[in-house]
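Below are the chains, spelled out letter by letter.
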Amino acid sequence: MSSLVVLSNEKGFNLARRTAYLLNAEFAVIEQKTFPDGELYLRIPLDVRGKIVVPVWSIKEEINNDLISLMLVLDTLWDLGANKVISVVPYMPYARQDSRFKDGEALSIVTIAKLLRAVHSDYVVTVDMHLHRIGDPRFVFGEKIINVSGVDAIADYIKNRHPQLGGKAIVVGPDEESEQWASRLGMLLGLKWVVLEKERYSAEEVEVKLRESMPREAEKAIIIDDIISTGGTIESTVNLIRKLGLNEIYVYCTHPVLSASGLYKIVSLGLADYACTNTLPSPISTIDVSGVLASSIKSLA
Ligand code: R5P
């Protein structure tokens, strides 16, 4: 097998370095700066000719810049003679726009997939990609995308950190799409799960409702979701659960997008614990998914 190189942008540093360590790969952060007019300068600081290269790109806040830098890297790697490129985009941006909700809207994730195909990438690996309407990322990205889950790492974290949690706890998914994560977490922890119904009124305003009754024995709740952005979904879910009399509440998610006052909201909710995975950097990215990424990369290398 050709030798492996893991590259990352600054934001992907933590996750990429851990992944490189598990793969016993060379590791470097790309050199990037922004010119006064806003254009990006980018340089790959090591020799990639003939190697399997794994760019790990955490995309957050300056999403469009981060995407362009990924495109520049992918095209440059091809040009510099990399043997195979396995792009890791732990959080796939634009995935929530996977449908035309109003006439004339852009199908953003379809365009992003086309752009990633246009620059060279043999495989794309992503984590808990949000594809509510489409379901399977392969419908948009083709066969060469692998969508792994952060839920097993979240379950391990909960088992280690809260071994006492069990029996009287229930796993709660805030909306229909979260059933996949709530059911997996419930199975891994040996707990029942319920899934709520969510209505979104605006970017920050959501309402969640029970769609089935809460099991009587439930005394504590573990909320699981794929994304915390404004924190509106989690806040509304916590409020509903408290009204039902469950006061010990734990919140976990894969992607800490944490836009607007998302972090402040989560920290202020008086939760028993909260944590997200390190697909994106944040003060609460304490659950490591490098193990699941490394296994998936090994299978493709
Ligand atoms: C949406 O369906 C996702 O699964 C999340 O529930 C949502 O993106 C969270 O966003 P926010 O924190 O802004 O409510």
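Just so it is clear, the structure is predicted and the values come from calculations on it, not from any experiment.

The rules behind these values
- Residues numbered from 1 in each chain as written.
- Predicted model: local features only at pLDDT ≥ 70, side-chain atom pairs only at ≥ 80, totals over all residues.
- Heavy atoms only, no water.
- Domains from an automatic or database assignment.
- Contact = heavy atoms within 4.5 Å.
- Buried area = accessible area lost by both parts, 1.4 Å probe.
- Salt bridge = Lys/Arg side-chain N within 4 Å of Asp/Glu carboxyl O.
- Buried < 20%, exposed > 50% of the residue type's maximum accessible area, 1.4 Å probe, protein only.
- Helix = DSSP H or I, 4+ residues; strand = E, 2+ residues; numbered from the N terminus.
- Pairing = 2+ DSSP bridges.
- Right-handed = clockwise from strand over helix to strand, strands pointing away.
- Near = heavy atom within 4 Å.
- Polar contact = N/O pair within 3.5 Å; in protein donor to acceptor, adjacent residues only side chain to side chain.
- Areas by Shrake-Rupley, 256 points an atom, 1.4 Å probe, with all protein chains shown as cover.
- 1 Å grid on protein atoms, 1.4 Å probe; cavity = no way out; pocket = protein on both sides within 12 Å on 5 of 7 lines; lining within 4 Å.
- Sits in = over half its atoms within 2 Å of the grid points.
- Axes fitted to C-alpha atoms, helices over the stretch in contact; angles between N-to-C directions.
- Points joined across faces, edges and corners; volume = space filled by probe spheres on them.
- Nonpolar A, V, L, I, M, F, W, Y, C, P; charged D, E, K, R; others polar.

Describing the domain arrangement of the protein
Accessible area lost upon the coming together of the parts serves often as the stated size of an interface.
(1) Moving on: Its domain assignment divides the protein into domain 1 (4-149 + 288-300) and domain 2 (151-278).
(2) Moving on: Centre-to-centre separation of domain 1 and domain 2, based on C-alpha positions: 28 Å.
(3) Moving on: Contacts between domain 1 and domain 2 engage 16 residues on the former and 15 residues on the latter.
(4) Moving on: Both faces combined, the contact of domain 1 with domain 2 buries some 1,300 Å², and carbon together with sulfur accounts for 50% of it.
(5) Moving on: The largest contributions to the domain 1 side of the interface with domain 2 come from Tyr91, Asp128 and His132, which together make up 35% of the buried area.
(6) Moving on: Counting every contact that joins domain 1 to domain 2 gives 0 salt bridges.

Structural notes on the pairing of strand β6 (residues 84-89)
(1) Moving on: Most of β6 sits out of view: 5 of its 6 residues are buried.
(2) Moving on: For strand β5 (residues 52-56) and β6, the ladder comprises 3 bridges, and the chain directions are parallel. Residue pairing across strands places Val56 opposite Val88, the latter belonging to β6.
(3) Moving on: Here β6 pairs with strand β7 (residues 123-127) via 4 bridges, running parallel. Bridging across to β7, Val88 finds its partner in Val125.
(4) Moving on: One crossover worth recording links β6 to the parallel β7 by way of helix α3 (residues 108-118), and it is right-handed.

Focus: the site of the ligand
(1) Moving on: Taken together, 15 residues surround the ligand, and among them Asp225, Asp226, Ser229, Thr230 and Thr233 come closest.
(2) Moving on: Between the ligand and Thr233 there is a distance of 2.5 Å, counted from an oxygen atom to a side-chain nitrogen or oxygen.
(3) Moving on: In isolation the ligand exposes 380 Å². Once the protein is present, 95% of that is buried.
(4) Moving on: With respect to the detected pockets, the ligand is housed in the largest pocket.
(5) Moving on: Only β10 (193-200), β12 (220-228) and α7 (232-243) provide two or more residues apiece to the shell around the ligand.
(6) Moving on: Among the elements that line the shell around the ligand, the one with the most residues is β12, at 4 residues.

Concerning the sheet that holds strand β8 (residues 145-148)
Pairing between the strands of a sheet is mediated by backbone hydrogen bonds and can be parallel or antiparallel.
(1) Moving on: One open sheet accounts for 6 strands, arranged β2-β1-β5-β6-β7-β8; its pairing is parallel. Edge positions in the sheet fall to β2 (26-29) and β8, since each of these pairs with one other strand and no more. Direction aside, neighbouring strands of the sheet carry axes that sit 20° apart on average.

Things to note about empty space enclosed by the protein
(1) Moving on: Taken as a whole, this structure holds 1 cavity of 30 Å³ or more when the rule is applied.
(2) Moving on: As for the largest cavity, its lining consists of Tyr91, Met92, Ala95, Arg96, Thr126, Val127, Asp128, Met129, His130, Ile227 and His255.
(3) Moving on: Of the residues contributing to the lining of the largest cavity, the split by class is 6 nonpolar, 3 polar and 2 charged.

Structural notes on the pattern of salt bridges
(1) Moving on: Per the stated rule, a full pass over the model turns up 14 salt bridges.
(2) Moving on: The salt bridge involving Arg184 is made with Asp152; its shortest N-O contact spans 2.8 Å. Taken together, the residues Arg184 in helix α6 (residues 179-189) and Asp152 in helix α5 (residues 151-161) connect sequence positions 32 residues apart.
(3) Moving on: A salt bridge links Lys265 to Glu235; the nearest nitrogen and oxygen atoms lie 4.0 Å apart. Of the two residues, Lys265 sits in helix α8 (residues 262-268) while Glu235 sits in helix α7, which places them 30 residues apart along the sequence.
(4) Moving on: Here the salt bridges do not stand alone but share partners, grouping Lys11, Glu62 and Asp66 into one network.

Side note on the pairing of strand β1 (residues 4-8)
(1) Moving on: With 5 of its 5 residues buried, β1 lies for the most part within the structure.
(2) Moving on: Burial along β1 is two-sided: the face carrying Leu4, Val6 and Ser8 and the face carrying Val5 and Leu7 are both buried.
(3) Moving on: The pairing of β1 with β5 spans 5 bridges and is classified as parallel. Pairing of Leu7 across the sheet is with Pro55, part of β5.
(4) Moving on: Examined bridge by bridge, β1 and β2 share 4 bridges and lie parallel to one another. By the bridge assignment for β2, Val5 is matched with Glu26.

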